[in-house]
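Structural features, examined
In case you want the letters, here they are:
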Amino acid sequence: MTAGERGRALLVRHGRLLAVFAFLTLLAAGCALLGAGEHFSAEAIRQRLLLHPVWGFLIYVGLFALGNLLQVPGWLFLAAAVVALGPAHGGVLTYLAAATACAATFLVVRRIGGNALREFRQPWARWLFAQLDSSPELAVAGLRLMFQTMPALNVALGLSGIPFRAYLAGTLLGLPLPIAVYCLFFDQVARILGSGG
């Protein structure tokens, strides 16, 4: 097989995976060109929550969803919500927004890439998928406990071939505990900084 034939075979086999990578790269480049990065700081997010009481939630959810596709860490949104609204309201808002953002990333990536990771036939890949398929809800919940809304995890799970219902159920089950812990942490940090020491 020539180098060109090998390249074409690789493109056919992993074309959907490459399409996801290209989409995420172009999205990041487009946002960078438009200067959208300034919207993804804790202070900018906090200001939007405070300045737009009616639309603040929708703006927050939209930024969280876009940020997840752009690989922006979810703790940034949580910190902003806790500082703006307190740990209880900020935590509930973040839980709803995080679940929505994770679901949106999953659906976008699944639409473009399908179950592209199932193309890997190595023994380690088969073992991982067997674990995931045996109890997808619990597997996703466990991953959420460890990695919360980590954007790369959402992309990988979107490409894994697990059903959306199982993904969403695992996400809803696994997010509350880490969000609560982070809420308490960020609230304590805000109190310490607010008291000047």
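For the pair helix 5 (residues 87–113) and helix 10 (residues 176–194), interaxial distance at closest approach is 10 Å and the crossing angle is 140°. Taken together, the axis directions place helix 5 and helix 10 in an arrangement best described as oblique. When the axes of helix 5 and helix 10 are compared, the crossing they make is right-handed. Two secondary-structure elements touch here, helix 5 through P87, G91, T94, Y95 and A98 and helix 10 through P176, I179, C183 and D187. Per-class residue counts for the contact of helix 5 with helix 10 are 6 nonpolar, 2 polar and 1 charged.

On to a nonpolar patch on the surface, then. The grouping of V54, W55, F57, L58, V92 and L96 at the surface amounts to a nonpolar patch, some 630 Å² of accessible area in total. Looking at the nonpolar patch, the elements that each hand over two or more residues are helix 3 (56–69) and helix 5. Judged by relative accessible area, F57 falls into the partly exposed class, the value being 35%.

What follows is about the packing of aromatic side chains. If you walk through the whole model with that rule in mind, you get 9 aromatic pairs. Aromatic side chains W75 and F186 sit 6.3 Å apart centroid to centroid with 25° between the ring planes, which places their arrangement in the stacked category. Of this pair, W75 sits in helix 4 (residues 75–85) while F186 sits in helix 10, and the two are 111 residues apart along the sequence. Ring geometry for F106 against F164: centres 5.6 Å apart, planes inclined by 45°, an arrangement best described as tilted.

A word on the side chain of T149. Examined against the element boundaries, T149 turns out to sit in the loop between helix 7 (136–147) and helix 8 (151–158). Sequence-distant contacts of T149, that is, excluding residues within four places in its chain, are made with F64, N68, G74, A98, C102, R144, N154 and L175.

Per the stated rule, a full pass over the model turns up 3 salt bridges. A salt bridge links R46 to E43; the nearest nitrogen and oxygen atoms lie 2.9 Å apart. Pair noted here: R46 and E43 are both in helix 2 (residues 42–51), with a separation of 3 residues, about one helical turn. Residue classification places E43 among the partly exposed residues on the basis of a relative accessible area of 41%.

Reading the values: the criteria
- Residues numbered from 1 in each chain as written.
- Predicted model: local features only at pLDDT ≥ 70, side-chain atom pairs only at ≥ 80, totals over all residues.
- Heavy atoms only, no water.
- Axes fitted to C-alpha atoms, helices over the stretch in contact; angles between N-to-C directions.
- Helix = DSSP H or I, 4+ residues; strand = E, 2+ residues; numbered from the N terminus.
- Parallel < 35°, antiparallel > 145°, perpendicular 65-115°, else oblique.
- Left-handed = near helix turned anticlockwise from the far one by under 90°.
- Contact = heavy atoms within 4.5 Å.
- Nonpolar A, V, L, I, M, F, W, Y, C, P; charged D, E, K, R; others polar.
- Patch = residues over 30% accessible without salt bridge, like charges linked within 9 Å, V, L, I, M, F, W, Y side chains within 5 Å.
- Areas by Shrake-Rupley, 256 points an atom, 1.4 Å probe, with all protein chains shown as cover.
- Salt bridge = Lys/Arg side-chain N within 4 Å of Asp/Glu carboxyl O.
- Buried < 20%, exposed > 50% of the residue type's maximum accessible area, 1.4 Å probe, protein only.
- Phe/Tyr/Trp six-rings, centres within 6.5 Å; stacked < 30°, edge-to-face > 60°.

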